[in-house]
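This is what each chain is made of:
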Amino acid sequence: GVEVDAKISTQVGGTNRNQGSYFPGDASSLFAYKGPKGCRVAALASDADLDRAVAAAKERRIVVEKTDDFGYDDYGGTFTPSSTLPDDLADCDVLVADAATLRDALKEAPDLMDTSHIKLVCVDEADACGDVSADILETLGLAKVPRVLVGATLTDASSLLRNGTATKATESGTEPFSLTQEKIRTPSSVRHEFLDVPEWKRPLILARCLRRDLREWEESGQGPRPRAVVFAANETSADALARQLRTSLWGAHAVAALLPTEGGSPTVAAGSMARASATDDSFAEVAARDGATVLVTVPSAARGLDFPNVSHVYRVGDVTEGGPATYAHVAGRAGRVGQASRGTCTSVGDDADFDALREMLDAFDGVDLVRAELPPSIADERPAGVTNSAFLERVFQKDVDDS
């Protein structure tokens, strides 16, 4: 919800709480007129604290007193909350809310907001939150308001269809929407690969893959710096994997973990990835501003994550869990519209996983799964008869001598 709010704010104006630029009613203010620029956008999205989320959505704006006809007193003006302006939740033009937070907020305060002026409802990821959204619309008295359903797959969104019918927008126009399963589409630029790796060895192989991706980019000098989203089977595994990658990739990638239920505020982890998404800065520069070039999370968090130039997606273990819909959202983190580099989605499992995944991908349009080669390792160069410990000591000493 927070990410969608930020994107809508960018496109249509947004609510600017900057004390030096928000002057309600002033001709120079974005908020003095209606139109493509100037919409007031508010967010009701939980950061694991419902009360705080509601308070943020209802926060009164700060108004600066105008000193004359030529400018504003940035130093001597009085900064006080306006007692005459309604809060953001009451007078916004666009409200962006995640379904669970809005549902919980309405349980505690049924009269949370006046919905009589709402003209359109949009439900993103409608197949995932259809039942919750349908209950919310009924509670708010919006059952008859026009609605737009959005999602990579919509076959599970039947609860949101009015009388079981809908019209689907296509590239060539509109057509009747059918709940019959159709071929799922993923970005055509994404490659789909599979790595056969024993479970105990997967963190090591993943670290090598991420270093290889970075090295290939450095050698080619083309495209943006590699950025990756890694999906683990569950939050416990994701937490452990993130810790291992932080150590093994130190100096190459800054690693963040997005754990929706166990890791505190999801917006903090997501923000760290966003801060590094538009630059080719070094590891030190990214880390200095608390950014990240690798985000470790779980498939349930795949929906809605949208960072520019994610070049690689890795799914480690349980590669068919959640079926085709989950794979579509996982793979769709790379190869986004406008992305500068072609994306790669790599599933990491065992040989049985490959057969199951290939069968599952029959539900997709034009997806070809190929086996990828394991990344090279210095251990592959160990001479016969030399123990691992002796070889690693030799490699370490060579690095010291070279430096």
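Before any of the text, the structure's been laid out above.
Let me sum up the structure you'll find in this document. (Residues numbered from 1 in each chain as written. Predicted model: local features only at pLDDT ≥ 70, side-chain atom pairs only at ≥ 80, totals over all residues. Heavy atoms only, no water.)

**Things to note about the packing of aromatic side chains**
Argument step 1. This model, assessed by the stated rule, comprises three aromatic pairs.
Argument step 2. Between Tyr327 and Phe364 the ring centres are 5.6 Å apart and the planes differ by 75 degrees, which places this aromatic pair in the edge-to-face class. Placement of Tyr327 in helix H10 (residues 323-331) and of Phe364 in the loop between helix H11 (351-360) and strand S15 (369-371) is noted, with a sequence separation of 37 residues between them. (Phe/Tyr/Trp six-rings, centres within 6.5 Å; stacked < 30°, edge-to-face > 60°. Helix = DSSP H or I, 4+ residues; strand = E, 2+ residues; numbered from the N terminus.)

**Here's the deal with the sheet that holds strand S12 (residues 294-297)**
Argument step 1. Taken in spatial order, the seven strands make up an open sheet running S11-S12-S10-S13-S14-S9-S15, and their pairing is parallel. If you trace the sheet from one side to the other, it starts and ends with strand S11 (255-257) and S15, each paired once. Neighbour to neighbour, the strand axes of the sheet diverge by 20 degrees on average, direction disregarded.
Argument step 2. With three bridges connecting them, strand S9 (residues 191-196) and S15 associate as parallel partners. Among the inter-strand pairings, His192 is bridged to a residue of S15, identified as Leu369.
Argument step 3. Taken strand by strand, helix H7 (residues 235-248) contacts strand S10 (228-232), S11, S12 and strand S13 (312-316), and its axis lies near 165 degrees from that of S11. (Pairing = 2+ DSSP bridges. Axes fitted to C-alpha atoms, helices over the stretch in contact; angles between N-to-C directions. Contact = heavy atoms within 4.5 Å.)

**A short note on the pattern of salt bridges**
Argument step 1. This structure, assessed with the given rule, holds five salt bridges.
Argument step 2. The salt bridge partner of Arg212 is Asp213, with a shortest N-O separation of 3.5 Å.
Argument step 3. According to the relative accessible area criterion, Asp213 is buried, its value standing at 6%.
Argument step 4. In this structure, Asp351 engages Arg371 in a salt bridge whose closest nitrogen and oxygen atoms are separated by 2.6 Å. Pair noted here: Asp351 is in helix H11 and Arg371 is in strand S15, with a separation of 20 residues, a long-range link.
Argument step 5. Looking at Arg371, the relative accessible area reads 43%, which means it is partly exposed. (Salt bridge = Lys/Arg side-chain N within 4 Å of Asp/Glu carboxyl O. Buried < 20%, exposed > 50% of the residue type's maximum accessible area, 1.4 Å probe, protein only.)

**Considering a nonpolar patch on the surface**
Argument step 1. Taken together, Leu120, Val148 and Val150 make up a surface patch of nonpolar side chains, about 230 Å² in accessible area.
Argument step 2. Looking at the secondary structure, you find Val148 in strand S6 (residues 147-150). (Patch = residues over 30% accessible without salt bridge, like charges linked within 9 Å, V, L, I, M, F, W, Y side chains within 5 Å. Areas by Shrake-Rupley, 256 points an atom, 1.4 Å probe, with all protein chains shown as cover.)

**With respect to the environment of Asp368**
Argument step 1. Positionally, Asp368 belongs in the loop between H11 and S15.
Argument step 2. Between the alpha carbons of Asp368 and His192 there is a distance of 6.5 Å; along the sequence they are 176 residues apart.

**Some remarks on H11**
Argument step 1. For H11, the set of buried residues is Phe354, Leu357 and Met360. Down the axis, H11 shows its buried residues gathered within 130 degrees of arc, on one side only. Within H11, the exposed residues directed more than 90 degrees away from the buried face are Ala352 and Glu359.
Argument step 2. Residues of H11 that are buried sit in contact with S9, H10, strand S14 (344-349) and S15.
Argument step 3. Two or three places before Ala352, at the start of H11, stands the capping residue Asp350, its side-chain oxygen 3.2 Å from that residue's backbone nitrogen. (Arc of directions from axis to C-beta. Polar contact = N/O pair within 3.5 Å; in protein donor to acceptor, adjacent residues only side chain to side chain.)

**Considering the packing of helix H6 (residues 202-220) against H7**
Argument step 1. Where H6 contacts H7, the two axes come as close as 10 Å, and the packing angle between them is 50 degrees. Considered as vectors, H6 and H7 are oriented oblique to each other. Between H6 and H7 the crossing geometry is right-handed. For the pair formed by H6 and H7, the contact residues are Pro203, Leu206, Ala207, Leu210 and Arg211 on the first element and Leu241, Gln244, Leu245 and Ser248 on the second.
Argument step 2. By residue class, the composition of the contact of H6 with H7 is six nonpolar, two polar and one charged. (Parallel < 35°, antiparallel > 145°, perpendicular 65-115°, else oblique. Left-handed = near helix turned anticlockwise from the far one by under 90°. Nonpolar A, V, L, I, M, F, W, Y, C, P; charged D, E, K, R; others polar.)

**Details of the nonpolar core**
Side chains of nonpolar character tend, in soluble globular proteins, to be buried together.
Argument step 1. Counting residues in each nonpolar core, the largest one holds 53 residues, and the members touching the most others are Leu245 and Val296.
Argument step 2. Apart from the residues lying within four places of it in its own chain, the contact partners of Leu245 are Pro203, Leu206, Ala207, Leu210, Trp250, Val255 and Val296.
Argument step 3. The next biggest cluster of nonpolar side chains, apart from the first, holds 20 residues, and it includes Ala53, Val121, Cys129 and Ala134. (Core = buried A, V, L, I, M, F, W, Y, C linked by side-chain atoms within 4.5 Å.)

**Examining the environment of His312**
Argument step 1. Inspection of the secondary structure puts His312 in strand S13.
Argument step 2. With relative accessibility at 14%, the residue His312 sits in the buried group.
Argument step 3. Beyond its immediate stretch of four places on either side in the chain, His312 contacts Asp213, Pro226, Arg227, Ala228, Val229 and Thr344.
Argument step 4. Of note is the side chain of His312, whose polar atom sits 2.8 Å from the side chain of Ser311.

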